[in-house]
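# Notes for the structure review
Next come the chains, spelled out residue by residue.
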Amino acid sequence: MQISPGLKEWIKKKGETAEEWLPWAIAVGTTLALAVVFFVRIFSGSSDRPRNPAGFVEVSDSDVPAKSIYSEVSIDDVGSSGKRQARSQSRATRASGHSTSAKGEADFAVAISNGPSKNEIEKRTGISGKRARAVILVTTKLVYRTPGREMALPLELFEDTKPVVVLKVMSGHDVNTGIHTGQIPDDPNSKVQLTTADGSISGFVRYQGREFRIVADPETGLHYIIELSAPTGL
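Our subject in this report is the structure included herewith. (Residues numbered from 1 in each chain as written. Predicted model: local features only at pLDDT ≥ 70, side-chain atom pairs only at ≥ 80, totals over all residues. Heavy atoms only, no water.)

### Looking at a nonpolar patch on the surface
Let me state the cut-off plainly: Only residues whose relative accessible area exceeds 30% and that take part in no salt bridge are eligible for patches, with like-charged residues grouped when within 9 Å of each other and nonpolar side chains (Val, Leu, Ile, Met, Phe, Trp, Tyr) grouped when within 5 Å. Using a 1.4 Å probe, the Shrake-Rupley method yields the accessible areas, and only the shown protein chains count as cover for residues. Counted as salt bridges are all cases of a side-chain nitrogen of Lys or Arg within 4 Å of a carboxyl oxygen of Asp or Glu. Numbering of helices and strands runs from the N terminus; a helix is a DSSP stretch of H or I covering at least four residues, while a strand is a stretch of E covering at least two.
Residues Trp21, Leu22 and Ile26 make up a contiguous nonpolar surface patch of roughly 280 Å² in combined accessible area. Tracing the chain through its elements places leucine 22 in helix H2 (residues 18-44).

### Some remarks on the side chain of histidine 223
Applicable threshold: Any N or O atom pair separated by 3.5 Å or less is treated as a polar contact, with the protein-specific requirement of one donor-capable and one acceptor-capable atom, and with residues adjacent in sequence counted only for side-chain atom pairs. Contact definition: two residues touch when any of their heavy atoms are within 4.5 Å.
Considering the arrangement of structural elements, one finds histidine 223 in strand S10 (residues 222-228). Among the polar contacts listed, one links the side chain of histidine 223 to the backbone nitrogen of isoleucine 201, at a separation of 2.9 Å. What histidine 223 contacts, discounting residues up to four positions off in sequence, is Arg133, Ala134, Val135, Leu137, Thr139, Ser200, Ile201, Ile214, Val215 and Ala216.

### Observations regarding the environment of glutamate 120
As a reminder of what qualifies: Each residue's exposure class comes from its accessible area (1.4 Å probe, protein chains only) as a fraction of the maximum for that residue type: buried when under 20%, exposed when over 50%, partly exposed otherwise.
Counting through the fold element by element, glutamate 120 comes out in helix H4 (residues 118-125). Its relative accessible area of 41% is what places glutamate 120 among the partly exposed residues. The spacing of glutamate 120 and arginine 133 is 13 residues in sequence and 9.8 Å in space, taken between C-alpha atoms.

### Concerning the nonpolar core
Cut-off, in case you're wondering: In these notes, a set of buried Ala, Val, Leu, Ile, Met, Phe, Trp, Tyr and Cys residues joined through side-chain atoms within 4.5 Å is what counts as a nonpolar core.
Membership of the largest hydrophobic core comes to 21 residues, with the highest contact counts inside it found for Leu142 and Val205. The set of elements that each furnish at least two residues to this core consists of strand S3 (129-137), strand S4 (150-154), strand S5 (164-167), strand S7 (191-197), strand S8 (200-207) and strand S9 (210-217). Considering each element in turn, this core owes the most residues, three residues, to S8. With sequence-adjacent residues up to four places away left out, leucine 142 is seen in contact with Phe108, Met151, Leu153, Leu167, His180, Leu194, Thr196 and Ile201. Grouped together as the second largest cluster of nonpolar side chains are 13 residues, Val110, Val215, Tyr224 and Ile226 included.

Structure representation (structure tokens):
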């Protein structure tokens, strides 16, 4: 495509006088763009409707029971293991080099028959307590929770302490991803907070006036459950 000599001359003159007309052209163009946006908003009527944050489906840590919000059954009862949990437990057992008790593919906390002693656990974690034990936690039971439902999770802290934790509905906020909080029904003062990240779980449990810590050991693939010597007021 060839440009005519007359057009070339006009472009040349405009380039030489750009300092005079360019600021005005920018100002006029900006004004027109703002006017178009203003009229589009007015005629669309969207300004009268309240705007809700996009992507947030559920409320974090709601004290309202899930059954009053959702029409389906409100609680997932984690009493039997699926294929994913069994595979996860098997991998964790092989990685740690320890053997598990015969009772528990369905358990969330799987006992270890030849785990480290209380003193060894205290040295590895830097936390002292009344007692401590090592377990393998089936993390997929939390990772693959059903959205929009509470969860009843049997949690064997020790042989004589086996509460069932009711975890609240998972949060739809990305900032709370991996955080699971709840309570133990037979103790109104109980409090549970578990956090999942990178295939491990950490957290604390307050139950019947006692407090327990759950600590992950990435080097061994084990988790340690420690009953603290005195409540910390968490």
